[in-house]
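An overview of the molecular structure
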Amino acid sequence: MREIQIGGLVSFTTIDYPGKLAAVLFLVGCPLRCAYCSNPHLITPAPGEYDPELVFDWLKSRIGRLEAVVFSGGEALMHGDALIEYMRRVRELGFNIGLHTNGFYPNVLRRAESVIDWVGLDYKATRARYHELVGNDVAYDLMSGSLDFLVESGMDFEVRITCDPRYITKSDLMEIITDLHNRGVKTVAIQKYIPHHEDGQTPTTAADRDQFFNDDELRNKITRLIPSVIWRNS
Ligand code: SF4
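Reading the values: the criteria
- Residues numbered from 1 in each chain as written.
- Predicted model: local features only at pLDDT ≥ 70, side-chain atom pairs only at ≥ 80, totals over all residues.
- Helix = DSSP H or I, 4+ residues; strand = E, 2+ residues; numbered from the N terminus.
- Rg over C-alpha atoms; globule rule 2.2 N^0.38 Å.
- Buried ≥ 20, exposed ≤ 12 C-beta atoms within 10 Å, placed from the backbone.
- Contact = placed C-beta atoms within 7 Å.
- Axes fitted to C-alpha atoms, helices over the stretch in contact; angles between N-to-C directions.
- Parallel < 35°, antiparallel > 145°, perpendicular 65-115°, else oblique.
- Nonpolar A, V, L, I, M, F, W, Y, C, P; charged D, E, K, R; others polar.
- Near = placed C-beta within 6 Å.
- Pairing = 2+ DSSP bridges.
- Right-handed = clockwise from strand over helix to strand, strands pointing away.

With that settled, the discussion passes to the overall build of the protein. Within the protein, the secondary structure is distributed over eight helices and eight strands. In terms of overall dimensions, the protein is globule-like: its C-alpha atoms have a radius of gyration of 17 Å, near the 17 Å expected for 234 residues. For the protein, the spread of C-alpha atoms along the three principal axes comes to 50 × 40 × 30 Å. For the protein, with 234 residues in total, the buried portion stands at 36%. Within the protein, contacts between residues at least 6 apart in sequence are counted, and of these 73% link residues at least 24 apart.

Below is the structure:
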């Protein structure tokens, strides 16, 4: 079986797995090309910088110090069964397993259900604007299939919306929130877009980026529809 490819590692974080001290492994490769990608060095498949077995040995040394390991990317599920097997081994060490995903691989997510304890799923834009943002015309439907699976399975998850004002308006945000409400989603994180690098597009202003967070009427409408809303504005 081929190995997973790890291109980055955060050894300690309190914000990437709800309520738990975690490490984050960033896996190489992603099928999308989001305009605002903060990890462009990870999206093209290439040999990982970190030997998975050395990372596994390091995780063993973290038993009792960390509570969870989060698999992020890139898109971790791109690694298929190699990822599922690695997650299973890490979980057997006693860690909770988290996954950050763009939802492009609903069938792999389904197969991985028994080794994942919590999922953060990106819902990046309205259906109408998904392709424009991610550069892939089947990404919305695949993400939607992953979301349906998460709701049906009863897995612990949050849906994450990054509010890049170039790709989401307040009205778009309400369209997404209404869809999530109709599907019965319980937890949504609304995340501020933070510019990470020159992406060659129109720059955003602080006021553009803050507009989703300082509009009390919008916030009230959202909190009436979703039981648990996390506002990540920094
Ligand atoms: S899904 Fe994530 S890693 Fe992939 S291109 Fe988009 S932002 Fe980058």
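Right, let's talk about the packing of helix 6 (residues 170-183) against helix 8 (residues 216-225) for a bit. Describing two packed helices takes the angle between their axes plus the distance from one axis to the other. It is the contact of helix 6 with helix 8, at a shortest axis distance of 9 Å, that shows an interaxial angle of 10°. Judged by the inter-axis angle, helix 6 sits roughly parallel to helix 8. The residues of helix 8 that touch helix 6, namely those facing Lys170, Met174, Ile177, Thr178 and His181, are Leu218, Lys221, Ile222 and Leu225. Residues of the contact of helix 6 with helix 8, tallied by class, amount to five nonpolar, two polar and two charged.

To continue, consider the site of the ligand. Taken together, Cys30, Leu32, Arg33, Cys34, Cys37, Asn39, Ile43, Gly73, Gly74, Glu75 and Asn102 make up the full set of residues adjacent to the ligand. Here the shell around the ligand is built from residues that sort into five nonpolar, four polar and two charged.

Turning our attention to unusual backbone geometry. Across the junction of Gly73 and Gly74, the peptide omega takes the value 15°, indicating a cis bond. Mapped onto the elements of the fold, Gly74 is located in the loop between strand 3 (68-72) and helix 2 (80-92).

The next thing to look at is the pairing of strand 6 (residues 157-163). Most of strand 6 sits inside the fold, with six of its seven residues counted as buried. Here strand 5 (residues 118-122) runs beside strand 6; their pairing, made up of four bridges, is parallel. Along strand 6, the bridge assignment pairs Val119 with Phe157. Alignment of strand 6 against strand 7 (residues 187-192), held across five bridges, turns out to be parallel. Looking at strand 7, one finds that Cys163 is bridged to Lys192. Between the parallel elements strand 6 and strand 7, the chain passes through helix 6 in a crossover that is right-handed.

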